[in-house]
Amino acid sequence: MSGLSLDHTAEAFEFIEELDRLATPQDIIDAMERTFSRFGFENFIIAGLPHPDQRIESLVLLKKWPLGWYQRYTSNGYDRHDPVIRLCRQTVQPFEWSEARYDPETNPKGAEIMRGAADFGMKQGYCLPIHGLNGFEACLSMSGPSLDLTAQTKPALHLMAMYAFERARLILAPSPRPNPLTLREQETLRWAALGKSAADTGEILGVTERTITAHMGSACQKLSAANKTHAVARALQHRLIEL
Amino acid sequence: MTSIQVITRENKVEYAEILDEYFRLRHEVFVGERGWTNLRRSDGRDVDAYDNDNASYLIAIDKDQVIGGLRLYPTLLPHMISEAFPHLVKEKGVLSGLTILECTRYFIVKERRTGRADCRLLAGFQQFCLEEGVTEVTAVVEMWWLPRWHQAGFKVRPLGLPTMVEGQPCIAAAIRISEASLDHVRRLAGLRGSCISRASRDSTHLNGVPHVAA
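Rules used in this analysis
Residues numbered from 1 in each chain as written. Chains lettered and ligands numbered in written order. Predicted model: local features only at pLDDT ≥ 70, side-chain atom pairs only at ≥ 80, totals over all residues. Pairing = 2+ DSSP bridges. Helix = DSSP H or I, 4+ residues; strand = E, 2+ residues; numbered from the N terminus. Buried ≥ 20, exposed ≤ 12 C-beta atoms within 10 Å, placed from the backbone. Contact = placed C-beta atoms within 7 Å. Nonpolar A, V, L, I, M, F, W, Y, C, P; charged D, E, K, R; others polar.

J.: So, the sheet that holds strand E2 (residues 60–64) of chain A: which residues are in play, and what are the values?
T.: Residue and element names in this part refer to chain A. Spatial strand order, E2-E1-E5-E4-E3: 5 strands in an open sheet with antiparallel pairing. The open sheet has two edge strands, E2 and strand E3 (95–96), and neither has a second partner. Here 8 bridges tie strand E4 (residues 124–131) to strand E5 (residues 137–144), and the two strands are oriented antiparallel to one another. The partner of tyrosine 126 across the bridge, within E5, is methionine 142.

J.: Account for the pairing of E4(A), naming residues and giving values.
T.: Residues and elements named next belong to chain A. Buried residues dominate E4, accounting for 6 of its 8 residues. In this structure, E3 lies alongside E4, joined through 2 bridges in antiparallel fashion. Counted as the bridge partner of phenylalanine 95 is cysteine 127 from E4.

J.: Tell me about unusual backbone geometry, and please be specific about residues and values.
T.: Residues and elements named next belong to chain B. Positive phi, normally seen in glycine, also occurs at aspartate 64, with a value near 65 degrees. The residue aspartate 64 is located in the loop between strand E2 (56–62) and strand E3 (65–74) in this model. Overall, the presence of 6 C-beta atoms within 10 Å leaves aspartate 64 in the exposed class.

J.: Give me the lowdown on the interface of chain B and chain A, citing residues and values where you can.
T.: The interface is formed by 18 residues belonging to chain B together with 18 residues belonging to chain A. Put simply, the parts of the chain that give the side of chain B that touches chain A at least two residues each are helix H3 (117–131) and helix H4 (146–151) of chain B. The leading source of residues in the side of chain B that touches chain A is H4(B), at 5 residues. Partitioning the side of chain B that touches chain A into residue classes produces 11 nonpolar, 4 polar and 3 charged.

Right, dumping it as structure tokens:
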């Protein structure tokens, strides 16, 4: 038993050392494929989590996904409903896809997405959420038809996935996207979230109601929100404001 | 703006109040928030065997309020990894040396976790260690800290596999101290220069007198 877990330690440390020597995204994909396949993983993706006005395609750093699934996933905007992505935003701990619960009533697309993935051989999965500084959010999600996920393998996988993510981030260096909302827009949304009207907020901030309405309009546009309530919900969901 | 006050055995008497506030917040964060109930004390202060003359503290202060901090301790003495967490380190043994410190009890108060306070404290940490000739700093942290350090430009090597501590996967790791990391985290923190103060209270007072900058 301890022999087994020692093996995983050595494997994890070798992988991490190897990563340091890799220079291209393809090198990382190859190394991940070699190492993670020993645990049953066939597919993986490293991507930033999109703000409401972003498309997931623009945030994908690395991927080894069946092309058909990737096309279906992106053209349907599945990232907006994917239970795995939703859980990613809520936890800092890695989890198995099966732990990403969804209510078929409120998220009917959840079942469609998980079934669709399974049809492409992505039956089981393991996802590592990344919550960085300044609101930077990303994930590394890996999957396969049958995974070796046990108390012995998970710590090694957790560590390897984290360093694979870091290597990809360093090589591809996406600068974390700044909050698209101005400070005034954030303030306006925060007060709205606390139940204040535009007139109240104007009074609090010492500006006219019209100015507040303009800030709100601009925030709605940036968040692709239909109205004030929608904008507040989106800003909270994507951590663009804090209460 | 957040600045970082260095407190060591030399000036801890003058900074007793700030240190006490740091201990009180530590109790609030580690016992209250994180639920490390074995640290609970009736005086509401988190103080342990390593809070002695060998410890140095970097305390984050904004508008006279303590908003976070960390503790540094020599690894040549019995320290937390050697005494409490040796099982987190793989076979080669606990990393220790004259230029290696251990960092413990890092926190930023809840209200300040979304801004740049973390980056400021991390910048102060790299700067202090560079000035002291420290080469590496070991720590046991929750795994979700690693990407934050990475993003701050820190070079971090794991010393063992993640292991559950108080219900959270934690890891023993070593941070390399370097100019490059300091530069990177300073940019993130929006700092052009030093943000640490080593002054004793008297000289801070003198520095507070308005003067013409050269």
